[in-house]
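# Overview (structure and organization)
Listed below are the residues making up each chain.
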Amino acid sequence: MKQIINHTANSLSAIHGIALSVFVVCNTLLQTLLFPLLQTAVGATWCFIISVLIDATLYAVLYFIVKIIYDFIFIKQNKKFDLSGRWYHVHIPRQLGEIDYSLVHLSAGYTDISRDLQDFTFNGYNKHVQVFSDNVAVCDDYSTHWYTKAIKFADNNEFDLIQIYEAESRGSSTRQLTSCPCCKTKFDTPILVSDSDNYRYGIHTFKLFSKGVDGPCERIEAEFCDCWPSLKNGDLLFFRTEEERDECIKDYFRIANSRKQ
């Protein structure tokens, strides 16, 4: 049976092990060298109180220092996982694996990513946007906040991270269908449907792209898929700047408009 590898738990075990080993060595040196002198100087009672205070704080300080060093080495060796900060994203819809250019708007916004060892937290906020006079602008009152519920390294896969997310939307998101999104059967007349519930879960799979061979991550490509009955799935693209994201949005609508002509 294939076992789940908990990378963060393994890292914490290693950090605790190193910190405890250093603590034992430091405590032995203090007991041997410092405390006898301290007892002579301030007396047995005060020496005991000081030793208890040192023991109570020494391990916490050592653990904090070891964790910082461990994390520094991890990022030094895996720069593409240094994702902390604000990213700008856009959702590109797909239908049966192909980009769907039928939408009159896209969902786009920003994501704040934080990291603690090998655990990542994504907080994403997006609204419906359209392009007006070559400028990207919000086109309705619909908005979504999505965030990490669980995430792990995707060992031995074509992607780097896999995430379960929860999404909470405000407003109504609808789309007009001219054919069945599953079998492609054409409808006699277009049908207006709600494409997602306001509360839903889904899955992200992330690919991280570095600047150079060992450089920091400069772009993230993901696939998203809401749980049924939501119809939302496709590509989720992350950029470091709003300008890069907006150019991606403009490219989508350029292609979409050219197909309508």
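An account of the accompanying structure is given in this report. (Residues numbered from 1 in each chain as written. Predicted model: local features only at pLDDT ≥ 70, side-chain atom pairs only at ≥ 80, totals over all residues. Heavy atoms only, no water.)

## Remarks on the overall build of the protein chain
- Along its length, the protein chain carries three helices and eleven strands.
- Put simply, the protein chain runs from its N terminus to its C terminus through helices and strands in the order α-α-β-β-β-β-β-β-β-β-β-β-β-α.
- In summary, the protein chain has a C-alpha radius of gyration of 26 Å against a globular reference of 18 Å for 261 residues, an excess of more than 25%.
- Counting the 261 residues in the protein chain, one finds 38% classified as buried.
- Partitioning the intrachain contacts of the protein chain with sequence separation of at least 6 by distance along the chain shows that 58% fall at a separation of at least 24.
- When the accessible surface of the protein chain is totalled, it reaches about 15500 Å², and 58% of it is carbon and sulfur.
- Here the protein chain carries 26 positive and 31 negative side-chain charges, and the mean point of each set is 2 Å from the other. (Helix = DSSP H or I, 4+ residues; strand = E, 2+ residues; numbered from the N terminus. Rg over C-alpha atoms; globule rule 2.2 N^0.38 Å. Buried < 20%, exposed > 50% of the residue type's maximum accessible area, 1.4 Å probe, protein only. Contact = heavy atoms within 4.5 Å. Areas by Shrake-Rupley, 256 points an atom, 1.4 Å probe, with all protein chains shown as cover. Lys, Arg positive; Asp, Glu negative; His and termini not counted. Charge placed at Lys NZ, Arg CZ, Asp CG, Glu CD.)

## What to know about a nonpolar patch on the surface
- Together, Val61, Phe64, Ile65, Ile68, Ile69, Phe72 and Ile73 make up an exposed nonpolar region whose accessible area comes to about 680 Å².
- Structurally, Val61 can be placed in helix α2 (residues 44–77). (Patch = residues over 30% accessible without salt bridge, like charges linked within 9 Å, V, L, I, M, F, W, Y side chains within 5 Å. Salt bridge = Lys/Arg side-chain N within 4 Å of Asp/Glu carboxyl O.)

## Quick word on the environment of Gln95
- As for its placement among the helices and strands, Gln95 is situated in strand β1 (residues 85–95).
- Judged by relative accessible area, Gln95 falls into the buried class, the value being 14%.
- Between the C-alpha atoms of Gln95 and Asn135, which are 40 residues apart in sequence, the distance is 26 Å.

## What about the nonpolar core?
- Core analysis: the biggest nonpolar cluster contains 22 residues, and Leu83, Phe120, Leu161, Phe206, Ile220 and Phe238 have the highest contact counts within it.
- Secondary structure elements with two or more residues in this core: α2, β4 (119–132), β5 (135–153), β6 (161–170), β9 (199–210), β10 (217–226) and β11 (233–239).
- No other element matches β10, which puts four residues into this core.
- The contacts of Phe206, once residues within four sequence positions are left out, are Phe122, Phe159, Asp160, Leu161, Gln163, Ile220, Glu221, Ala222 and Phe238. (Core = buried A, V, L, I, M, F, W, Y, C linked by side-chain atoms within 4.5 Å.)

## Here we look at the pattern of salt bridges
- Applying the stated criterion across every chain, the model contains 13 salt bridges.
- Notably, a salt bridge pairs Arg115 with Asp71, separated by 2.6 Å at the nearest N-O pair. Here Arg115 is found in strand β3 (residues 106–116), whereas its partner Asp71 is found in helix α2, with 44 residues between them in sequence. Residues Arg115 and Asp71 agree in their burial class; the two are buried.
- Via salt bridges that share partners, Glu247, Lys250, Asp251 and Arg254 belong to a single interconnected network.

## Regarding the packing of aromatic side chains
- Inspection of every chain in the model, using the stated rule, returns twelve aromatic pairs.
- Plain terms: the ring middles of Phe206 and Phe238 are 6.0 Å apart, the flat faces sit at 50° to each other, and that makes the pair tilted. Of this pair, Phe206 sits in strand β9 while Phe238 sits in strand β11, placing them 32 residues apart in sequence. In this pair, the class of Phe206 matches that of Phe238, namely buried.
- Seen in terms of ring centroids, Tyr252 and Phe253 are 5.1 Å apart; in terms of plane orientation they differ by 90°. Their pairing is edge-to-face.
- Ring pairs connect the aromatic residues Phe74, Phe81, Phe120 and Phe153, which therefore count as one cluster. (Phe/Tyr/Trp six-rings, centres within 6.5 Å; stacked < 30°, edge-to-face > 60°.)

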